[in-house]
Amino acid sequence: MSNELEKATLGGGCFWCLEAVYENVEGVEDVVSGYAGGHTENPDYRSVCSGETGHAEAVQITFDPSVVGYERLLEIFWKIHDPTSLNRQGADVGTQYRSVIFYHDERQKRIAETSRAEAQKRFDTPIVTEIVPLTKFWPAEEYHQDYFRKNPYHGYCRAVVAPKVKKFREDFREMAK
């Protein structure tokens with residue numbers, strides 16, 4: 001394993017879903033649910049859900065690139081949410097649920113743009129995923145962290161999160177912890 005860890009920040013609907021999947025990826029050291037892409041300092045869940053802060057629910061993934069590359073994290077991203085759905089994922093509706101890749105540097109931007117173009121070949125409708133620079137990531141409240149692991153029997157977790165984790169484990173068996 002490398003001593004040089006990297007970060008990826010992604011939004012694809014509810015952060016509980018993304019967090020639960022990426023926590024299962026070999027080479028991922030940490031996943032933090034939070035908010036990015038808005039204009040309000042210190043946003044909280046209530047204000048983000050109002051849609052007025054401009055933030056997206058997002059996860060910040062700390063990973064070892066010698067084990068899993070940024071490209072592979074994006075491959076998972078395209079499969080575990082609907083990147084063709086504008087400002088919604090399933091029943092979760094609003095700009096806070098938009099599909100977005102927050103890049104940390106120009107290299108990540110190039111990789112994200114190439115990855116989006118490749119992913120588009122698998123969809124009949126246009127991908128609406130934004131690719132924008134990360135300006136600030138705000139960790140969400142503690143009760144949102146590791147939500148699926150702590151609340152596997154919660155209705156939303158059983159109906160929405162668990163199927164995404166199952167899909168990841170089926171489609172990316174070789175990458176699962």
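The paragraphs below set out a description of the structure included in this document.

Rules used in this analysis
- Residues numbered from 1 in each chain as written.
- Predicted model: local features only at pLDDT ≥ 70, side-chain atom pairs only at ≥ 80, totals over all residues.
- Heavy atoms only, no water.
- Salt bridge = Lys/Arg side-chain N within 4 Å of Asp/Glu carboxyl O.
- Helix = DSSP H or I, 4+ residues; strand = E, 2+ residues; numbered from the N terminus.
- Buried < 20%, exposed > 50% of the residue type's maximum accessible area, 1.4 Å probe, protein only.
- Core = buried A, V, L, I, M, F, W, Y, C linked by side-chain atoms within 4.5 Å.
- Contact = heavy atoms within 4.5 Å.
- Phe/Tyr/Trp six-rings, centres within 6.5 Å; stacked < 30°, edge-to-face > 60°.
- Lys NZ or Arg CZ within 6 Å of the ring centre and 35° of its normal.
- Axes fitted to C-alpha atoms, helices over the stretch in contact; angles between N-to-C directions.
- Left-handed = near helix turned anticlockwise from the far one by under 90°.
- Nonpolar A, V, L, I, M, F, W, Y, C, P; charged D, E, K, R; others polar.
- Polar contact = N/O pair within 3.5 Å; in protein donor to acceptor, adjacent residues only side chain to side chain.

Moving on to the pattern of salt bridges. Overall, the coordinates contain 9 salt bridges when judged by the stated rule. Among the salt bridges present, the one from Glu6 reaches Arg107, with a minimum N-O distance of 3.8 Å. Of the two residues, Glu6 is situated in strand S1 (residues 6–12) and Arg107 in helix H4 (residues 106–120); the sequence distance between them amounts to 101 residues. Residue Arg107 is classed as partly exposed on the basis of its relative accessible area, which comes to 34%. Linked by salt bridges that have partners in common, Arg72, Glu75 and Glu174 make up one network.

To continue, consider the nonpolar core. Tyr22, Val25, Ile61, Leu73, Ile76, Ile101 and Phe168 are the most contacted members of the largest nonpolar core, which has 43 residues in total. Elements with a contribution of two residues or more to this core: S1, helix H1 (15–22), strand S2 (28–36), strand S3 (56–63), helix H3 (70–80), strand S6 (99–103), H4 and helix H6 (155–171). Not counting residues up to four positions away in its chain, the partners in contact with Phe168 are Val21, Asn24, Val25, Ile76, Ile80, Arg173, Met175 and Ala176. By size, the runner-up hydrophobic cluster in this structure holds 6 residues, among which are Ala36, Ala56, Phe102 and Phe137.

Right, let's get into the packing of aromatic side chains. Taken as a whole, this structure holds 6 aromatic pairs when the rule is applied. Judged by centre distance (6.4 Å) and plane angle (40°), the ring pair of Phe15 and Tyr45 falls under tilted. In this pair, Phe15 sits in helix H1 while Tyr45 sits in helix H2 (residues 45–49), placing the two residues 30 residues apart along the sequence. Taking the centre distance of 5.9 Å and the plane angle of 20° together, the rings of Phe168 and Phe172 count as stacked. Put simply, the rings of Phe15, Tyr35 and Tyr45 touch in pairs and so form one group of aromatic residues. In this structure, Lys136 packs its charged tip against the face of Trp138, placed 4.7 Å from the ring centre.

Take the side chain of Glu19 next. Inspection of the secondary structure puts Glu19 in helix H1. Residues in contact with Glu19, not counting those within four places in the same chain, are Val31, Ser33, Val59, His144, Gln145, Asp146 and Tyr147.

Put simply, H1 and H6 touch, their axes get as near as 9 Å, and they point 35° apart. Classified by chirality, the crossing of H6 by H1 is right-handed. Facing Trp16, Cys17, Ala20 and Val21 of H1, the residues of H6 in contact are Tyr156, Val160, Val161, Lys164, Val165 and Phe168. Tallied by class, residues from the contact of H1 with H6 come to 9 nonpolar, no polar and 1 charged.

Attention now moves to the side chain of Ser85. For Ser85, the position within the fold is in the loop between H3 and strand S4 (88–89). Classification of Ser85 as buried rests on a relative accessible area of 15%. Looking at Ser85, its side chain comes within polar contact range of the main-chain oxygen of Arg88, at 3.2 Å.

Another aspect to go through is unusual backbone geometry. A positive phi angle is found at Asn87, which is not glycine, with a value near 55°. Relative to the helices and strands, Asn87 is located in the loop between H3 and S4. Residue Asp146 is not a glycine yet carries a positive backbone phi of 55°. Note on placement: Asp146 falls in the loop between strand S8 (137–139) and helix H5 (147–150).

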